[in-house]
Amino acid sequence: MTRFIFITGGVVSSLGKGLGSAALGALLQARGYKVRLCKLDPYLNVDPGTMSPFQHGEVFVTDDGAETDLDLGHYERFTGNPACQNDNVTTGRIYTNVLQKERRGEYLGATVQVIPHVTNEIKDFIAEKDGTADFVLCEIGGTVGDIESLPFLEAIRQFGNEMGRERALFLHVTLLPYIPAAGELKTKPTQHSVKELMAVGIRPRILLCRADREIDQSDLNKIALFCNIDEEKVIPALDASSIYEVPLTYHKVGLDTQVLDAFGLKDEAKKEPDLGAWERIMRRIKNPETEVTIAVVGKYTNLADSYKSLNEALVHGGIANKAKVKIKFIEATLFDQDEAGIAHELQGVNGILVPGGFGERGAEGKIKAAQYAREKKIPYFGICFGLQMAVLEAVRNQLGIDKATSSEFDEDGEHVIGLMTEWTKDNKKEERGSDTDLGGTMRLGAYPAKLKEGSKVAEIYGTTDIEERHRHRFEVNINYKDRLEEQGLIFSGLSPDGNLPEICERNDHPWFIGVQYHPELKSKPFDPHPLFVSFIEAAIAQGRLV
Ligand code: GLN
């Protein structure tokens, strides 16, 4: 029997609802249950693919090629279950489906309305998960009280009613703000937010109260009394030292136990989960043996969420190497200067990573970063755009083709990086033109690649057949392969048909690898991605040299 847990948020956004959901998923999994996590997003975009990373943080890409909310990344990192298209839906997609049905006449002449047509579409999205896991955790984006989340709340209210208390549970995450003048944490916003939920017919049975300091038992009791919730189900959720500590701290305060108890699983609630893996990860994080600094040369550097999976993958590489990884974000535009200036920016840095990116701004700086790493033999990791810029650097500076560029930002010049207009997926040809929609039309999701025998990447992966997730529109032109290989830039990974370069590595450098895909998306704390493990290892070795 599948049980459903609906997670809503109140008071403010950015409460760590996604992380809390992921941690609860991990805890239930550690008790031997099969879990599935999904997210309902109330915004109107059909998916977050067209949103700026500044606005919405990273776009997380799934194996089946969906561009989804970054919380799905948390879900995957914490449970190890690969996320898929059907784990995330937005108002935009719900309405698209409803309107398509309306055009096809599927509503048989009915007046199409939010209730029941939109809410039914949302309920179908949730019901489709029935039978796929023991627990389905369903997070509702946004904050209770927002106009746009109302249809979602109405849908989960109806769904919860239909399932009954044994199969559906509402868990609400709130904030207790600290007021310095009064010297105390305040419970009133939580009371109001629960009232708001009750007004739409949802009665939460568990409250997860976020606070930046210890919450007095008397405050927890007060919330229980005013909000009509069992005392032991008002759970304090304090800030953790690392996100990977959250499963451990939430277990300590009884979150998973209370969830099982709320479902009437009293005996199950008394058992202990196996948290060995999380304890091992935390021991490593808390007791590093060494430290490295990695420069991330990008352009969304002032919003940490823009590079969420990347940051985490670097941390995972650190965990594997018993190293603390310090990330120094550097605006790529700062690198568009002379060598002395770049050297100044990079003081004390043990590795350079150029992450994925779009558009012209910062491109020249990224090319300079690749050049500096090549010439100074500093470990270089280029991801997607970071590979493309490393290739441009080599073509310009080693092959002497000054006008080498990407058609992404220069119509003229020599297009070493060009718009991909066709490629194969699952033996079918995919075609795109330069005038197709921007949303959902990139080369997206998992594609296989063949690695060159004896190459560094084959050694790192321990195999010559890999599958990694993609999200890009442009491609390195294979015609430069022979000339670049003469200069030490080896095309060590190609698409199975041999047409699309997937990986380039230098054979004259301690660690210089560029990949067309996004390895960071598949890295997990308990299963770090081999490229990140190897990159951090190389950075540690570089640190020993200086
Ligand atoms: N802008 C480049 C492309 O579309 C790189 C994309 C990326 O880094 N994800 O090919």
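Model, not experiment: these values are computed from the prediction.

A. Molecular detail of the overall build of the chain. Each helix and strand counted, the chain has 19 helices and 25 strands in total. Relative to its length of 546 residues, the chain is compact, with a C-alpha radius of gyration of 25 Å against a globular reference of 24 Å. For the chain, the spread of C-alpha atoms along the three principal axes comes to 75 × 60 × 45 Å. Taken across its 546 residues, the chain has 58% of its residues classed as buried. When contacts within the chain are restricted to residue pairs at least 6 apart in sequence, those whose partners lie at least 24 apart make up 72%. About 22,600 Å² of surface is accessible on the chain, with carbon and sulfur atoms providing 47% of the total. Here the chain holds 64 positive side-chain charges and 82 negative ones, and the gap between their average locations is 4 Å.

B. Highlighting the sheet that holds strand S16 (residues 404–406). In space, the three strands of this open sheet follow the order S16-S17-S22, with mixed pairing throughout. Strands at the two margins of the open sheet, each flanked by one partner only, are S16 and strand S22 (474–476). Within this sheet the neighbouring strands show an average axis-to-axis angle of 35°, counted without direction. Here helix H16 (residues 385–397) sits on the sheet and contacts S16, strand S17 (414–419) and S22; the angle it forms with S17, its principal contact strand, is near 165°.

C. Local environment of the site of the ligand. As a matter of local geometry, the ligand sits amid Gly-356, Gly-357, Phe-358, Cys-384, Phe-385, Gln-388, Glu-408, Arg-471, His-472, Arg-473, Phe-474 and His-518. Within the backbone of Gly-357, a nitrogen or oxygen atom sits 2.9 Å from an oxygen atom of the ligand. One of the backbone nitrogen or oxygen atoms of Arg-473 is found 2.9 Å away from an oxygen atom of the ligand. The protein chains hide 99% of the 300 Å² of surface that the ligand would expose on its own. Where the shell around the ligand is concerned, the elements lending two or more residues are H16 and strand S21 (465–472). Taken together, the residues of the shell around the ligand break down into four nonpolar, five polar and three charged.

Rules of the game
Residues numbered from 1 in each chain as written. Predicted model: local features only at pLDDT ≥ 70, side-chain atom pairs only at ≥ 80, totals over all residues. Heavy atoms only, no water. Helix = DSSP H or I, 4+ residues; strand = E, 2+ residues; numbered from the N terminus. Rg over C-alpha atoms; globule rule 2.2 N^0.38 Å. Buried < 20%, exposed > 50% of the residue type's maximum accessible area, 1.4 Å probe, protein only. Contact = heavy atoms within 4.5 Å. Areas by Shrake-Rupley, 256 points an atom, 1.4 Å probe, with all protein chains shown as cover. Lys, Arg positive; Asp, Glu negative; His and termini not counted. Charge placed at Lys NZ, Arg CZ, Asp CG, Glu CD. Pairing = 2+ DSSP bridges. Axes fitted to C-alpha atoms, helices over the stretch in contact; angles between N-to-C directions. Near = heavy atom within 4 Å. Polar contact = N/O pair within 3.5 Å; in protein donor to acceptor, adjacent residues only side chain to side chain. Nonpolar A, V, L, I, M, F, W, Y, C, P; charged D, E, K, R; others polar.

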